[in-house]
Amino acid sequence: MTGASEVTEVPEAVRGLSAPAAVPGSRILGVGAYRPARVVPNSEVAEAIDSGDEWIRRRSGIAGRRFAAPDDTVVSMAVAASVKALAQAGIAPGTVDTVLLASMSYREQSPPAAPRVAHGMGAVAAGAMDVGAACAGFCHALATADSLVRSGNSRYVVVVGSERMTDIVDPYDRGTAFLFGDGAGAMVVGPADDPGIGPVVWGSEGDRHEAIAHSAPWPAQGAAAEVTPTLRMDGPAVFRWAVATVPRAARAALTAAGLTVADLAAFVPHQANLRIIDTAADALRLPPHVVVARDVVHTANTSAASVPLAVEELLARGAVPRGGRALLVGFGAGLSHAAQVVVLP
Ligand code: UT7
């Protein structure tokens with residue numbers, strides 16, 4: 001018999017692994033967006049669901065959305081947004097260590113999409129993985145990128161949210177058909193002398209996973225399936241959860257970063273519904289100088305792409321100062337949420 005002392009003895013050779021050299025902080029170096037060319041007004045989606053422009057605007061704030069062209073894929077849109085973010089950051093694609101893709105509408109389980117996205121942008125040797133946290137996926141991936149960079153494991157990380165929601169939304173479902181749009185947004189994260197991405201506050205409620213789910217699980221479709229499962233949502237239940245969760249997570253992210261609402265330049269929650277955005281903004285008692293992202297009006301809900309798209313929209317029209325702080329909050333299916341304060345590039 002072997003004695004306990006012999007079993008627990010650690011050979012000299014496996015002691016003391018080297019760790020990468022940590023850096024004091026990470027920051028966002030560039031932001032890029034891809035918005036499909038086709039603008040789709042409410043009138044175009046309303047007929048199939050016996051709805052109308054007035055109802056959709058009143059209940060969601062949405063006036064229009066973009067729909068992907070046949071050759072706009074989750075991968076191609078992610079590549080287009082990432083290339084723009086890299087150009088803005090002034091970072092050569094070949095120096096990217098890691099690519100994180102957040103998407104809920106990429107319809108292949110394997111291979112993941114991220115390696116193709118990495119290859120497409122020219123990050124041909126980068127580690128690449130898909131992040132599945134639905135509409136909260138971008139903020140989850142951004143927190144992961146921050147940790148990778150600060151730990152010294154990666155120097156440059158591209159974080160991208162890309163969605164072709166028209167592939168998974170049923171145009172005849174009254175509860176979702178008018179809500180979603182297509183597009184991609186990306187950010188490049190790299191090392192910094194001071195923290196430019198605050199601590200993440202995140203969580204999930206797996207016991208409420210049915211609040212936003214597909215109409216059928218993929219395995220149930222079988223090999224002969226002709227119809228792709230589509231998204232179903234208990235809208236009012238998700239609405240109530242969101243207006244309680246977003247302000248709570250937002251306050252916790254501010255506290256974790258050692259800041260108050262007075263320190264912010266922008267509030268950028270997931271663009272799910274203008275009523276949720278405005279209710280959360282009111283609950284946070286934001287001072288008048290804090291710009292609230294309302295990209296949902298013209299872009300609708302682009303799930304994991306909505307936060308970077310909304311940030312890009314604010315920066316592109318000069319609504320927020322470069323170097324200002326933005327409070328990001330992702331939330332959605334899971335039910336999952338993730339919030340952090342970032343310094344804008
Ligand atoms: O991105 C992931 C996170 N998602 C969200 O955060 C979405 C959260 N939920 C929502 O944004 C809202 O629940 C919706 C915008 C989806 C729906 O708005 P609502 O105010 O919650 O509508 P409702 O489902 O409570 O329906 C209100 C009324 C009902 O009629 P009655 O019972 O009051 O007579 C519905 O039958 O509106 C009717 N209705 C519609 N009417 C015209 C429901 N859908 C439609 C429609 N067009 N598309």
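Not measured: the values here are computed from a predicted model.

1. Concerning the pattern of salt bridges
So, step 1. This structure, assessed with the given rule, holds twelve salt bridges.
So, step 2. Its salt-bridge partner being D278, residue R294 comes within 2.8 Å of it at the nearest N-O pair. Taken together, the residues R294 in the loop between β12 (291–292) and α10 (296–299) and D278 in helix α9 (residues 274–284) connect sequence positions 16 residues apart.
So, step 3. Among the residues examined, D278 registers a relative accessible area of 25% and is labelled partly exposed.
So, step 4. What you see here is one network of salt bridges that share partners, running through R35, D295 and E312.

2. Focus: the pairing of strand β13 (residues 325–332)
So, step 1. Of all eight residues making up β13, seven are buried, and the element is well covered by its neighbours.
So, step 2. Here four bridges tie strand β11 (residues 266–269) to β13, and the two strands are oriented parallel to one another. Along β13, the bridge assignment pairs P269 with V329.
So, step 3. Examined bridge by bridge, β13 and strand β14 (residues 336–343) share eight bridges and lie antiparallel to one another. By the bridge assignment, F331 is partnered in β14 with H337.
So, step 4. With antiparallel pairing between neighbouring strands as the criterion, β13 and β14 make up a hairpin whose turn holds three residues, including G334 at a positive phi of roughly 150°.

3. Side note on the site of the ligand
So, step 1. Near the ligand lie 22 residues; those nearest to it are S51, R59, H270, N273 and N301.
So, step 2. In this structure, a nitrogen atom belonging to the ligand sits 3.0 Å away from a main-chain N or O atom of R174.
So, step 3. In this structure, an oxygen atom belonging to the ligand sits 3.2 Å away from a side-chain N or O atom of R275.
So, step 4. Sort the elements by how many residues they give to the shell around the ligand and helix α8 (residues 235–257) lands first, with four residues.
So, step 5. In the shell around the ligand, the residues fall into 13 nonpolar, six polar and three charged.

4. Focus on the sheet that holds β13
So, step 1. Read across the open sheet, the five strands follow the order β8-β14-β13-β11-β12; overall the sheet is mixed. The outermost strands of the open sheet, each flanked by one partner alone, are β8 (201–204) and β12.
So, step 2. Bridge analysis of β8 against β14 gives four bridges, and the strand direction is antiparallel. Bridge pairing in β14 places W202 opposite A338.
So, step 3. Here helix α6 (residues 137–151) sits on the sheet in contact with β8, β13 and β14, set at roughly 55° to β14.
So, step 4. Packing of helix α11 (residues 306–316) onto the sheet brings it into contact with β11, β12 and β13, and relative to β11 it is tilted by some 150°.

5. Some words on the state of the cysteines
So, step 1. On inspection of all chains with the given rule, the structure shows zero disulfides.
So, step 2. Free cysteine C135: the closest other cysteine sulfur is in C139, separated by 11 Å.
So, step 3. The exposure class assigned to C135 is buried, which follows from its relative accessible area of 9%.

What counts as what
Residues numbered from 1 in each chain as written. Predicted model: local features only at pLDDT ≥ 70, side-chain atom pairs only at ≥ 80, totals over all residues. Heavy atoms only, no water. Salt bridge = Lys/Arg side-chain N within 4 Å of Asp/Glu carboxyl O. Helix = DSSP H or I, 4+ residues; strand = E, 2+ residues; numbered from the N terminus. Buried < 20%, exposed > 50% of the residue type's maximum accessible area, 1.4 Å probe, protein only. Pairing = 2+ DSSP bridges. Near = heavy atom within 4 Å. Polar contact = N/O pair within 3.5 Å; in protein donor to acceptor, adjacent residues only side chain to side chain. Nonpolar A, V, L, I, M, F, W, Y, C, P; charged D, E, K, R; others polar. Contact = heavy atoms within 4.5 Å. Axes fitted to C-alpha atoms, helices over the stretch in contact; angles between N-to-C directions. Disulfide = S-S within 2.5 Å.

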